[in-house]
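In case you want the letters, here they are:
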Amino acid sequence: MTTATMDLKQHIRGIPDFPKPGILFYDISTLMRNADAWQVAMGRVTHQVAPWAPDMLAAIESRGFLTAAPLASRLGCGLVMLRKPGKLPGETVSHSYELEYGSDTLHIQADAIVPGQRVVVMDDLLATGGTLAASVALLRKVGANVVGASVLVELTALGGRARLDVPVKALVSYDD
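Residues numbered from 1 in each chain as written. Predicted model: local features only at pLDDT ≥ 70, side-chain atom pairs only at ≥ 80, totals over all residues. Heavy atoms only, no water.

As named in an unreviewed UniProt entry, the chain is Adenine phosphoribosyltransferase, taken from Gluconacetobacter asukensis. Here the chain is described in UniProt, under the heading Subunit (unreviewed entry), as follows: "Homodimer." Taken from UniProt, the Sequence similarities (unreviewed entry) comment for the chain reads in full: "Belongs to the purine/pyrimidine phosphoribosyltransferase family." (UniProt positions renumbered as here; feature names shortened; annotations may be inferred.)

Written as C-alpha cells, this is what we have:
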C-alpha cells in the first residue's frame, strides 16, 4: 500500500461504550503509534491547512496539542494553546460556553495573538461543534483572524460543522 492509498480509518480504533454507555469513541492513539500512518496523517493535514497560510495554530486542550505541534513545525508557523482554567501562566482571556452536559471555559494568554494574525484552530474531533465554536469566539476576542479549523475526525451525523462560520477540514469522517 502506498501513502497515497493508505486508509487512515484502518488505524483509528472504535471503542464502544466509552467514556459512557452508548458512545462509540474513536481512538486516535492507534493512529499515532503507527509511524507510517502518523506521517501520512500529518502530511495530509499539512496539505489541507497550508493553503490557509496561517501565522499561528491554536491547539485546543489537550488532544489538539498532538496535531498542532507537528503541523506548526511543518508549516513554519507559531502555536498557541487554548486551555482549561488555571493551566496557563500570566494574564489570560477566557470564554465560557454551554455544552450538552453543562458548561466549560477556555483560556488563552492575553498576549498570545497579535491582532490580525491568521489563525487555524486545531482539535482531534468535531462532534457537536461547541468547543470549536467557543475556540473561534475566544480567538476573535483577542483579535485573531480565524481562517479555518482542522480536525482529525469529524462525526458528520452530529452536525457540528453547521455551528462554525469558518471553513473546516477533516482528515476522516464518520457518519454514525
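Novice: What exactly am I supposed to notice about the packing of aromatic side chains here?
Specialist: Aromatic ring pairs are described here by two measures, namely the spacing of the ring centres and the angle between the planes. Tallying each qualifying case throughout the model produces two aromatic pairs. Summarising the aromatic geometry, the rings of Phe18 and Phe25 are spaced 5.2 Å apart at their centres and angled 80° between planes, so their arrangement reads as edge-to-face. Judged by its relative accessible area of 41%, Phe18 is partly exposed. Overall, Phe25 belongs to the partly exposed group, its relative accessible area being 21%. The ring of Tyr174 carries the charged tip of Lys9 above its face, separated from the ring centre by 4.6 Å. (Phe/Tyr/Trp six-rings, centres within 6.5 Å; stacked < 30°, edge-to-face > 60°. Buried < 20%, exposed > 50% of the residue type's maximum accessible area, 1.4 Å probe, protein only. Lys NZ or Arg CZ within 6 Å of the ring centre and 35° of its normal.)

Novice: Just checking my understanding: could you explain the UniProt feature "domain: Phosphoribosyltransferase" (unreviewed entry) in the chain for this structure?
Specialist: The positions that UniProt labels "domain: Phosphoribosyltransferase" (unreviewed entry) are, in the present scheme, residues 50–154. Helix makes up 24% of residues 50–154 and strand 43%, whereas the separation of the span's terminal C-alpha atoms amounts to 19 Å. (Helix = DSSP H or I, 4+ residues; strand = E, 2+ residues; numbered from the N terminus.)

Novice: Can you help me understand the packing of helix 2 (residues 35–49) against helix 3 (residues 63–75) in this one?
Specialist: How two helices sit against one another is set out by the angle between their axes and by the gap between those axes. Running from amino to carboxyl end, helix 2 crosses helix 3 at an angle of 65°, the nearest separation of the two axes being 10 Å. Classified by the angle their axes make, helix 2 and helix 3 are roughly perpendicular. For helix 2 against helix 3, the interelement crossing comes out right-handed. Residues Trp38, Gln39, Met42, Gly43, Val45, Thr46 and Val49 of helix 2 pack against Leu66, Thr67, Pro70, Leu71, Arg74 and Leu75 of helix 3. For the contact of helix 2 with helix 3, the residue count by class is eight nonpolar, four polar and one charged. (Axes fitted to C-alpha atoms, helices over the stretch in contact; angles between N-to-C directions. Parallel < 35°, antiparallel > 145°, perpendicular 65-115°, else oblique. Left-handed = near helix turned anticlockwise from the far one by under 90°. Contact = heavy atoms within 4.5 Å. Nonpolar A, V, L, I, M, F, W, Y, C, P; charged D, E, K, R; others polar.)

Novice: What is the right way to look at the pairing of strand 3 (residues 56–60) in this model?
Specialist: Within a regular strand, side chains alternate between the sheet's two faces. Across the five residues that make up strand 3, a large majority, five, are buried. Here strand 3 shows two buried faces, one formed by Met56, Ala58 and Ile60 and the other by Leu57 and Ala59. Here strand 3 pairs with strand 4 (residues 78–82) via five bridges, running parallel. Bridge pairing links Met56 to Gly78 in strand 4. With helix 3 bridging strand 3 and its parallel neighbour strand 4, the resulting β-α-β unit is right-handed. (Pairing = 2+ DSSP bridges. Right-handed = clockwise from strand over helix to strand, strands pointing away.)

Novice: Where do I start with the pairing of strand 6 (residues 102–109) in this structure?
Specialist: Bridge count for strand 5 (residues 92–99) against strand 6 is eight bridges, and the pairing is antiparallel. In the strand pairing of strand 6, His95 is matched with Leu106. Hairpin geometry of strand 5 and strand 6 is characterised by an intervening segment of two residues between the two adjacent antiparallel strands.

Novice: For this particular structure, what's the right way to read the side chain of Gln117?
Specialist: Mapped onto the fold, Gln117 is located in the loop between strand 6 and strand 7 (118–126). With residues up to four places along the chain from it excluded, the contact list for Gln117 reads Asp55, Met56, Ala112, Gly143, Ala144 and Asn145.

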